[in-house]
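Residue-level listing of the chains:
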Amino acid sequence: MLWFPKNKRTWLEIFCIHMLKAGPIPKHVALIMDGNRRYASKQGLEKTEGHACGFNKLAETLGWCLDLGIVEVTLYAFSIENFKRSEEEVNGLMELARDKFRKLLEEKDKIDEYGVCIRVFGNLSLLPEDIQQLLAEVVLYSQKNNRLHLNLCMAYTGRQEICTAIQALAEGVKDKLLIPSDITEKLMARCLFTHHSTDPDLLIRTSGEVRLSDFLLWQSELSVLAFLHVLWPEFSIWHFFTAVLYYQHNYEAIQKAKKYVTEVQNEEEIEQFLLMVAEESSNSYPFQSQSIEVPQKENQLLWEEREERIKKFTERLESKQIECLEHMRSGLCKQIKFSTFNVV
């Protein structure tokens, strides 16, 4: 299969895979696949050939992820900032995307065999309409699978993602689906493109650059960051194993930090609820953040009403997203207004 080739492993690679699996394995790995253009220049190739080599390395890397039992991979495939590159390079990247997704659709049986669910994150209205159709077809076809989740960030930046989430929340308040006190970090996270995903455990960037370049800014708060001094097409299984070992080395510290953040977010959610109760009763509600408890029985109705509002809001959000995908697949992109819900 083009996207998930069955690579033969040497006895040493198999041994190392078993050794790594004796420790904690990241469930979700994010990749900034940097260095394709520099690799092309180094090898005397056209830029589009460098990107093609980068795709081949991606397919190989997905095979390694499957071998290790990693269940989710998020790829920074094309940033909104990449549209500022030369017209020739952008067109070449779009043509590469067309070719790869057409071939993926020709291998639907392999998508099911590997159990791959493909999602696309970003402002897809910026992409050519035929590519929108291909992406929508792939996403809708594969959504029933759950062995490996492959997230492709296309026409994406983290800041644009956060702005889109804020717009969705504002629209929810405007339409009286939410009230301001419903809005917490947890609800904000449910409005992001990645609302069906866990946050990445390990984020890898190749090429030696030590920055996130507007990738998963909200989600990578507690990710282990591995910056590797190798161009993406030269990325090897040993570089990958090194990054996983780095994750295992930092595992305990990260788990402690995650536990603390979860407790803080739960306290914030209840604190917001108590503020709402105070507003409802027109009385101050005495509490301290150190002693916040689950709402008492007399407030249970208000709590349930809040949960129902959030449920209806998130259901509408997902419904709008599916509707947008179906319009894309049908080639009706020009007939719909792309709004805060134009995300997958």
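What counts and what doesn't
- Residues numbered from 1 in each chain as written.
- Predicted model: local features only at pLDDT ≥ 70, side-chain atom pairs only at ≥ 80, totals over all residues.
- Heavy atoms only, no water.
- Salt bridge = Lys/Arg side-chain N within 4 Å of Asp/Glu carboxyl O.
- Helix = DSSP H or I, 4+ residues; strand = E, 2+ residues; numbered from the N terminus.
- Buried < 20%, exposed > 50% of the residue type's maximum accessible area, 1.4 Å probe, protein only.
- Expected span 1.5 Å × (residues − 1).
- Patch = residues over 30% accessible without salt bridge, like charges linked within 9 Å, V, L, I, M, F, W, Y side chains within 5 Å.
- Areas by Shrake-Rupley, 256 points an atom, 1.4 Å probe, with all protein chains shown as cover.
- Axes fitted to C-alpha atoms, helices over the stretch in contact; angles between N-to-C directions.
- Parallel < 35°, antiparallel > 145°, perpendicular 65-115°, else oblique.
- Left-handed = near helix turned anticlockwise from the far one by under 90°.
- Contact = heavy atoms within 4.5 Å.
- Nonpolar A, V, L, I, M, F, W, Y, C, P; charged D, E, K, R; others polar.

## Quick look at the pattern of salt bridges
Stage number 1. A complete count under the given rule lists 28 salt bridges for this structure.
Stage number 2. Close ionic contact of Glu60 with Lys57 constitutes a salt bridge, the shortest N to O distance being 3.0 Å. Here the residue Glu60 and the residue Lys57 both occupy positions in helix α3 (residues 47-68), the gap between them amounting to three residues, near one helical turn.
Stage number 3. The exposure class of Lys57 is buried, given its relative accessible area of 10%.
Stage number 4. Salt-bridge contacts for Lys186 lead to Glu269; the nearest nitrogen and oxygen are separated by 3.1 Å.

## Re helix α11 (residues 300-329)
Stage number 1. The end-to-end C-alpha distance of α11 is 43 Å, a good match for the 44 Å that 30 residues give at a rise of 1.5 Å each.
Stage number 2. Positive phi shows up at Gly331, right after α11, with a value of about 75°.

## Here we look at a nonpolar patch on the surface
Stage number 1. A surface patch of nonpolar side chains, amounting to about 600 Å² of accessible area, comprises Trp11, Leu12, Phe15, Met19 and Trp238.
Stage number 2. Locating Phe15 in the fold gives a position in helix α1 (residues 11-20).

## Some thoughts on the packing of helix α7 (residues 158-174) against α11
Stage number 1. Direction vectors running N to C along α7 and α11 enclose 125°, while the axes themselves pass 11 Å from each other. In this view, α7 runs oblique relative to α11, as classed from their interaxial angle. Crossing of α7 against α11: the hand is right-handed. Two secondary-structure elements touch here, α7 through Ala168, Leu169, Glu171 and Gly172 and α11 through Phe313, Arg316 and Leu317.
Stage number 2. Looking at the contact of α7 with α11 residue by residue, the classes come out as four nonpolar, one polar and two charged.

No statement about biological role is implied by the geometric values presented.
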